Structures are given as structure tokens and as C-alpha cells.
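Topology and contacts: notes
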Amino acid sequence: MFHKSCILILIVLLSACMISACSGEKSRQIPQMNFQEFETLLHQQNDTVYVINFWATWCKPCIEELPAFEQLNTEYEDQKVSVILVSLDFPNKYEQLLLPFVKEKNLQSQIIHLTDVDANAWIDKVSPEWSGAIPATLIYKGNDRGFYESQMNFEKLKSIVKTKL
Amino acid sequence: MKKLTLLTTVILLAGLTFAQTGYKVGDKASDFELKNVDGKMVSMADYPDAKGFILIFTCNHCPYSKAYEDRIIELDNTFKSKGYPVIAINPNDPAIQPEDSFEEMKIRAKEKGFTFPYLFDDGQKVFPVYGASRTPHVFIVNKEHGEYIIRYIGAIDNNHTDAEAADKRYVQDAVNALIEGGVPNPEFTKAIGCSIK
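Quick look at the structure, then. (Residues numbered from 1 in each chain as written. Chains lettered and ligands numbered in written order. Predicted model: local features only at pLDDT ≥ 70, side-chain atom pairs only at ≥ 80, totals over all residues.)

**Things to note about the overall build of chain B**
Each helix and strand counted, chain B has five helices and nine strands in total. Here chain B holds 197 residues, and the buried ones make up 41% of them. (Helix = DSSP H or I, 4+ residues; strand = E, 2+ residues; numbered from the N terminus. Buried ≥ 20, exposed ≤ 12 C-beta atoms within 10 Å, placed from the backbone.)

Structure representation (C-alpha cells):
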């Protein structure tokens, strides 16, 4: 009896380890966050310019502008610029759409999957100017913040980032 | 003096920009005349017995719109008989988004068995007047003393992925409030959606 329960506990522990290892693997690729977890990235008080783009794999204008963010990420690699691509793909599309897309496009910027569905509770916390349409981009350094609910291109991104560096 | 003129100009321009962002809750809405998927033109004036309307800017291609299709049908089924029918309007330019062409709208309406008009904002003249910015984007219009008054702007509910899991059903609650002679609370919400193209 004692042995049996020991074995059972062992099995439970082992499977728990495996599950966490598995999700650890996932989170290294693209972390999934609710808004509370994500929010700290909107309020970093340091001398880095944060370029936070809200997109989704199904959003055509978002996909069109992704190369501009990737270029920014590459060209400003040595400077204090942090590009974060925040995917608003549906939570259940992580495996089916988001992971394959990121792999196929070989995206190099930091990516976060924001899975908090109660958007009315957090859109204003990103920016009161945001209606909720994507693409949308927040660019900030400390308290110097700009919000853009429009499609970006590299030149526009560069000019905004330069004013904040 | 120059500074003052500049300031006035800035204020005027800011006012203009603000005015262009569309209706706010409490504003009078203007009627429209748009082509339905059955080929007939539809206006709010065609519904003399309606107490108001659930106007929804939505489209074919957007995953958020798709996720809400069944819920939009349900809203129409619930509220048409109570005087608040759904009118859906596709605001997208098919030249940019071919999946949202009038022909594709007809196909989608038939496939899903839409119980409400699905109108095409040909030339994109109506959505900017209302200030719709995304799909789906709801404007609840209440008929008051012969005028169309906007009483709610925003999302359908607070969970686009799972209707059952939504614990705030904004549109349903707003229309029920109007039926009971009250005002919606909240009267304005936001949601993620596809930008209007």
C-alpha cells in the first residue's frame, strides 16, 4: 500500500515536471501573458526606447508592417531600443497560427502573446487614444510616450525613435 | 497677438479633428441608405415601428467579426421582436480587402443565415460619420422624439473567444436598459478589432 502510493506520487511529480518542462520550452519561444503580467513592460523607467507593436497573424496591415519593426530591431541592436511585438492572436491559435508564423517569417524581435480577452479592461491602460483597432504601436521612453493607431513604415519608426534616443 | 491667433488656430484645428472622430453617446445620428445583400436599399426610416437599432459595423474577413457572427444573429433574434433589430454594415473597401466584396457578403450572409440586413457601405461614406474604427463596432441607436440618438458605443461583450465565458454582455444589457426606459451603463466600451480598411 505504502509502495503503491509512493509510486503514484512519483508518477504525479514526474508528469508535473514534464508538463513544466514542456511549457518552459514554449515560454522560451513566445511567452503568453495576461495584461497584469504584460503591464510592467508599458512602464519601464530607464533610458531605453520601447517600441511596442500590437499585431496578429490574421491582420493584413500588421503583417505588412512587421518587416519595418524587424529592421528597426536589427539596425538599433547596439542602441537602447527594445522592439516588442505583442500578438493579439486568439489564445487558442497559439500552436496553430502564431508559432508556425513566427518560425516561417523567422522573426527576431521579442514576441509576447497577450491572451487577456477582456480588452475593455486594459485598452485604455495601453493608451486612452487607442480605439482597439490594430495595427497599433506604443513608443515610449520613461514618461515620453507616443501612441500610433496606424500602419507604420521604417522611416516613420526611425524618425520617432530618433527623437526619443 | 500673433501667438493668440496661432493658439486659436490650434484650438480650432483640434476641434475639427475631434469633430471628425464621429459620434459620441448622446449625439443625434443621421440615417443612411445602403444596399443590402438582397439588392434592396435599406434605411433606418424603413422601420417605422422600431424603437431603435443595434447598428454593427462588421465584415466577412475579420476573425473578431467571425467570432461574433452567431452572437449577432442571437442579438437580432432576441431584440427584433422587442423593437431593436440588428442592422449590420460592412465598412471595408473590397479593393483592399477582396473578401469583403458585395458578392462575398451575399455568400456569407446566406451561409450563416443572417436574419438581419447586411449592408455595404459603398464608397465608405457612412462609417466615418459614425466614427467606427474597427470591426465589429456597435452603435446602439434609440428613437427619441423622432430622432435617432446614440445610446451606446462599443463592444458586444467582454470575451470574443467564448460567448459562454463572457460575464459582461454590454449590448444585451444596454438594449434591456433602453427597453426598461433607463440608460445603458456602461455606455461606452472598447475592444480589439480589425482596423477598417
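Okay, back to it.
**A closer look at the environment of Thr74(A)**
Within the secondary structure layout, Thr74(A) lies in helix α3 (residues 60-75). Remark: the alpha-carbon pair of Thr74(A) and Trp55(A), spanning 19 residues in sequence, is separated by 19 Å.

**What to know about unusual backbone geometry**
Pro135(A) follows Ile134(A) through a cis peptide bond whose omega is 10°. Turning to its location among the elements, Pro135(A) is positioned in the loop between β5 (133-134) and β6 (136-141). Backbone geometry places Gln124(B), a non-glycine residue, at a positive phi of 55°. Here Gln124(B) is to be found in the loop between β5 (118-120) and α4 (126-130). Although it is not a glycine, His145(B) adopts a positive phi angle of roughly 50°. Tracing the sequence through the fold places His145(B) in the loop between β7 (137-144) and β8 (147-154).

**Describing the nonpolar core**
Membership of the largest hydrophobic core comes to 86 residues, with the highest contact counts inside it found for Val51(A), Ile134(A) and Ile54(B). Counting residues per element, this core draws most heavily on strand β2 (residues 49-55) of chain A, at six residues. (Core = buried A, V, L, I, M, F, W, Y, C linked by C-beta atoms within 7 Å.)

**Details of the interface of chain B and chain A**
On the chain A side, the residues contacting the 15 residues of chain B number 18 residues. In terms of residue count, strand β9 (residues 193-195) of chain B provides more of the side of chain B that touches chain A than any other element does, three residues in total. Looking at the side of chain B that touches chain A residue by residue, the classes come out as five nonpolar, eight polar and two charged. Pairing of β5(A) with β9(B), which is carried by two bridges, proceeds in the parallel orientation. Across the sheet, the residue bridging to Ile134(A) is Cys194(B), located in β9(B). (Contact = placed C-beta atoms within 7 Å. Nonpolar A, V, L, I, M, F, W, Y, C, P; charged D, E, K, R; others polar. Pairing = 2+ DSSP bridges.)

**Section: the packing of α3(A) against helix α6 (residues 154-164) of chain A**
Residues and elements named next belong to chain A. Where α3 contacts α6, the axes come no closer than 9 Å and their chain directions differ by 45°. It follows that α3 is oblique to α6 by the angle criterion. Regarding α3 and α6, the two cross each other, and that crossing is right-handed. Between α3, through Ala 68, Gln 71 and Leu 72, and α6, the contact on the second element is made entirely by Phe 154, Leu 157, Lys 158 and Val 161. Of the residues in the contact of α3 with α6, the class split is five nonpolar, one polar and one charged. (Axes fitted to C-alpha atoms, helices over the stretch in contact; angles between N-to-C directions. Parallel < 35°, antiparallel > 145°, perpendicular 65-115°, else oblique. Left-handed = near helix turned anticlockwise from the far one by under 90°.)

**With respect to the pairing of β8(B)**
Residue and element names in this part refer to chain B. In terms of burial, β8 is largely enclosed, as six of its eight residues are buried. Examined bridge by bridge, β7 and β8 share seven bridges and lie antiparallel to one another. Across the sheet, Glu 144 pairs through a bridge with Glu 147, a residue of β8. Two successive antiparallel strands, β7 and β8, enclose a turn made up of two residues, where His 145 displays a positive phi of approximately 50°.

**Things to note about the environment of His61(B)**
All names here are of chain B. With respect to the helices and strands, His 61 occurs in the loop between β3 (52-57) and α2 (63-79). Once the C-alpha coordinates of His 61 and Glu 33 are considered, the two residues, 28 residues apart in sequence, prove to be 23 Å apart. Setting aside its immediate chain neighbours within four residues, His 61 contacts Gln 97, Glu 99 and Asp 100.

**So, the sheet that holds strand β7 (residues 144-148) of chain A**
Residue and element names in this part refer to chain A. Pairing is mixed across the open sheet formed by six strands, whose spatial order is β1-β4-β3-β2-β6-β7. The open sheet terminates on both sides in strands that have one partner only, identified here as β1 (32-33) and β7. Taken together, the four bridges between strand β3 (residues 81-87) and strand β4 (residues 110-114) define a ladder with parallel strand orientation. Within β4, the residue paired with Val 86 across the bridge is Ile 112.

**A closer look at α3(A)**
Residues and elements named next belong to chain A. Under the 1.5 Å per step criterion, the end-to-end length of α3 is 24 Å for 16 residues, consistent within 8% with the ideal 22 Å. The largest bend in α3 comes to about 30°, at Leu 66, with the proline Pro 67 one to four residues further on. Buried residues along α3 sit in contact with β2, β3, β5 and α6. (Expected span 1.5 Å × (residues − 1). Bend = angle between axes of the 7 residues up to and from the residue.)

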